[in-house]
Amino acid sequence: MKLVSTLSILGLTIALTSAGFVSVEDDGNFYENDKRYIVWGANYWEAMNLGAQKTGNRTRLINDLDKMKTMNINNLRIIAASEGPADSQKPVNVLMPEPGVYNEDMFKGLDYALYQMKKRGMKAVMVLNNFWQWSGGFSQYVSWVKNTTIPLPPGYPENDPRAQSSWDEFINYSAEFFTCKKCISMWKKHIKTVINRKNVYTGKRYRDDDTIFSWEFANEPRQNNDGSMPMTDEFIEDISGYIKSLDKNHMITLGSEAHPSFGKEVFIRENNHKNLDYATTHIWVQNWGEYDPKNGTEANLQHAIDYCINHLRDTAGWALKINKPIIFEEYGMARDGWDGQDEYDPATPATNRLKYYKAILNEVYKLTDKQIFQGQNFWAYSGEGRPASGDARDLYLGDPAHEHPGWYGIYDKDTDMINYLKKMGKKFLKLE
Ligand SMILES: *[C@@H]1O[C@H](CO)[C@@H](O)[C@H](O)[C@H]1NC(C)=O
Ligand SMILES: *[C@@H]1O[C@H](CO)[C@@H](O)[C@H](O)[C@H]1NC(C)=O
Ligand SMILES: *[C@@H]1O[C@H](CO)[C@@H](O)[C@H](O)[C@H]1NC(C)=O
Ligand SMILES: *[C@@H]1O[C@H](CO)[C@@H](O)[C@H](O)[C@H]1NC(C)=O
């Protein structure tokens, strides 16, 4: 018995010393232990929810992580926050149902996910908040502090009777967060709680754990549409300084889209802060009206590819201007929706998605080889999850609760895609 436990402690020690914290060095690249670190990653927000013992599914978590390991994936972007009462546009279980009150089963779920990632040599981008409603986020904090109802926009489920507002209205509401002092101090308490959290499986505090790649402010924090409610410099300095004061080991980033309609000036202003280590870009061709999944023509796909590549080149230029590395942190494409096919059905082929990934990742590879981009996290890995049937709630697909289940997630059974990602991952990692 003694011998076994000594050996397992030894095993863990070896695993701990072979990894390291990732930082940006003078040449503008990521390094781990004096070796360039390339991000070959996925979005897998559901890690914490799946890791929860009572309400999650650890079998699926383990199977998904093992499968991603075969795809050479070394980096997962996950949520380390979710707020408010459960509702139809949110996961069934959240980390902080009420201000300052934690669901310990969920926190252990996050511990467990990190512990299992560590064993597989993966690192986590820890997302600390959300501009959008699907995990609570900014709008939940504003609602708590101002005691007003969140103006929910249309999403999923369709015909949700609570969703009576426009996106513009919702965005205005969420953007109130940037100047809501009480919201910010409430959030800072959460930031401190997470950074100082001691993982019950490894005994390590998060701030000392090199399984964590970086702290990310939020999923897609952004100004409102006409720019009258910006993410202020004061806000960025305050939060990034606060995180740095609690944890000098990990990198910090905003998690922004680098949205083309806000453009270069906003990107530069928002990312050019001393405590921010790197920038990000998200590109959504269908959501931005540059791709139609019902249109099976070659021209439709080619337009989307050209659009995406142009924006990647633009953001590479913007990042160079401020000397920050950049990650292609979100992108995706629906399954084939033409000829009457249902693009949300897991049985529908995803041929355009594969062609799109091949074309754009070829460009990301070149930009990573040029040492501007540092890799990618595709959206999203749904693994062994499948959309629920009938009225059942979807439990933890890569597609978040407020979006149509099956829209963008990649399943374990998408063999052509999995094989491609495996091969391309190997090529990317040779740049290390
Ligand atoms: C948990 O995940 C496993 C593996 O993906 C699956 O077979 C099982 O049905 C899931 N359990 C529940 C309760 O969803
Ligand atoms: C919040 O608003 C509701 C009505 O919308 C009111 O009944 C309640 O007292 C308010 N709570 C606080 C703490 O102000
Ligand atoms: C959002 O805020 C802007 C700036 O105050 C305003 O012009 C716009 O009308 C608002 N949108 C909605 C739907 O209220
Ligand atoms: C399909 O997309 C192409 C390229 O954008 C466009 O020219 C064509 O009109 C579209 N067809 C339909 C039916 O929308």
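Residues numbered from 1 in each chain as written. Chains lettered and ligands numbered in written order. Predicted model: local features only at pLDDT ≥ 70, side-chain atom pairs only at ≥ 80, totals over all residues. Heavy atoms only, no water.

Looking at the pairing of strand S11 (residues 373-378)
Most of S11 sits out of view: 6 of its 6 residues are buried. Summarising the sheet, strand S4 (residues 39-43) and S11 pair through 4 bridges and their orientation is parallel. Bridging across to S11, Gly41 finds its partner in Asn377. Direction of pairing for strand S10 (residues 326-331) relative to S11: parallel, over a ladder of 2 bridges. Note that in S11 the partner of Phe328 across the bridge is Gln376. One crossover worth recording links S10 to the parallel S11 by way of helix H11 (residues 351-369), and it is right-handed. (Buried < 20%, exposed > 50% of the residue type's maximum accessible area, 1.4 Å probe, protein only. Helix = DSSP H or I, 4+ residues; strand = E, 2+ residues; numbered from the N terminus. Pairing = 2+ DSSP bridges. Right-handed = clockwise from strand over helix to strand, strands pointing away.)

A closer look at the pairing of S10
S10 sits mainly inside the fold: 6 of its 6 residues count as buried. Sheet topology note: the strand S9 (residues 279-283)/S10 ladder contains 5 bridges and is parallel. Across the sheet, residue His282 finds its bridge partner in S10, namely Glu330. What joins S9 to S10 is helix H10 (residues 298-321), and the crossover it makes is right-handed.

Considerations on the sheet that holds strand S6 (residues 123-127)
Strands sit in the order S8-S7-S6-S5-S4-S11-S10-S9 across an open sheet of 8 strands; the sheet is parallel. Looking along the sheet, the strands with just one partner apiece sit at the ends: strand S8 (251-253) and S9. On average, adjacent strands in this sheet sit at an angle of 25° to one another, irrespective of strand direction. Packed on one face of the sheet, H10 meets S9, S10 and S11 and runs near 165° to S9. (Axes fitted to C-alpha atoms, helices over the stretch in contact; angles between N-to-C directions. Contact = heavy atoms within 4.5 Å.)

Thoughts on the state of the cysteines
Applying the stated rule across the entire model yields 1 disulfide. Sulfur-sulfur distance for the disulfide between Cys180 and Cys183 comes to 2.1 Å. Where Cys180 bonds to Cys183 through sulfur, the torsion about that S-S bond is close to 70°, and the disulfide is right-handed. Residue Cys180 shares its accessibility class with Cys183, and that shared class is buried. (Disulfide = S-S within 2.5 Å.)

Here we look at the site of ligand 1
Around ligand 1 lies a shell formed by Asn57, Arg60 and Glu384. Asn57 places a side-chain nitrogen or oxygen 2.4 Å from an oxygen atom of ligand 1. Here an oxygen atom of ligand 1 and a side-chain polar atom of Glu384 are 2.5 Å apart. Protein contacts shield 36% of the accessible area of ligand 1, which totals 360 Å² for the unbound molecule. (Near = heavy atom within 4 Å. Polar contact = N/O pair within 3.5 Å; in protein donor to acceptor, adjacent residues only side chain to side chain. Areas by Shrake-Rupley, 256 points an atom, 1.4 Å probe, with all protein chains shown as cover.)

Quick word on the packing of helix H9 (residues 263-271) against H10
With their axes 10 Å apart at the nearest point, H9 and H10 run at an angle of 40° to one another. By the angle between their directions, the pair H9 and H10 is classed as oblique. As H9 packs across H10, the resulting crossing turns out to be right-handed. Of the residues in H10, those touching H9 at Gly263, Lys264, Phe267 and Ile268 are Trp318, Ala319 and Lys321. Considered class by class, the residues forming the contact of H9 with H10 number 4 nonpolar, 1 polar and 2 charged. (Parallel < 35°, antiparallel > 145°, perpendicular 65-115°, else oblique. Left-handed = near helix turned anticlockwise from the far one by under 90°. Nonpolar A, V, L, I, M, F, W, Y, C, P; charged D, E, K, R; others polar.)

Comments concerning a negative patch on the surface
A cluster of like negative charges, contributed by Glu25, Asp26, Asp27 and Asp34, occupies part of the molecular surface. Secondary-structure assignment places Asp34 in the loop between strand S2 (30-32) and strand S3 (35-36). (Patch = residues over 30% accessible without salt bridge, like charges linked within 9 Å, V, L, I, M, F, W, Y side chains within 5 Å. Salt bridge = Lys/Arg side-chain N within 4 Å of Asp/Glu carboxyl O. Lys, Arg positive; Asp, Glu negative; His and termini not counted. Charge placed at Lys NZ, Arg CZ, Asp CG, Glu CD.)

Focus: the pattern of salt bridges
Tallied over the full model, the rule gives 28 salt bridges. The residue Asp208 makes a salt bridge to Arg207 at a minimum N-O spacing of 3.8 Å. For Glu343, the salt bridge goes to Lys294, with nearest N and O atoms at 2.7 Å. Placement of the pair is Glu343 in the loop between S10 and H11 and Lys294 in the loop between S9 and H10, with a sequence separation of 49 residues. Via salt bridges that share partners, Arg77, Glu216, Glu329 and Glu330 belong to a single interconnected network.

Describing the site of ligand 4
For ligand 4, the full set of nearby residues is Asn295, Thr297, Ala299 and Asn300. One of the side-chain N or O atoms of Asn295 is found 2.3 Å from an oxygen atom in ligand 4. For ligand 4, the accessible surface in isolation is 360 Å², of which the surrounding protein chains cover 35%. In terms of residue class, the shell around ligand 4 is built from 1 nonpolar, 3 polar and no charged.

So yeah, pure geometry; function would need other evidence.
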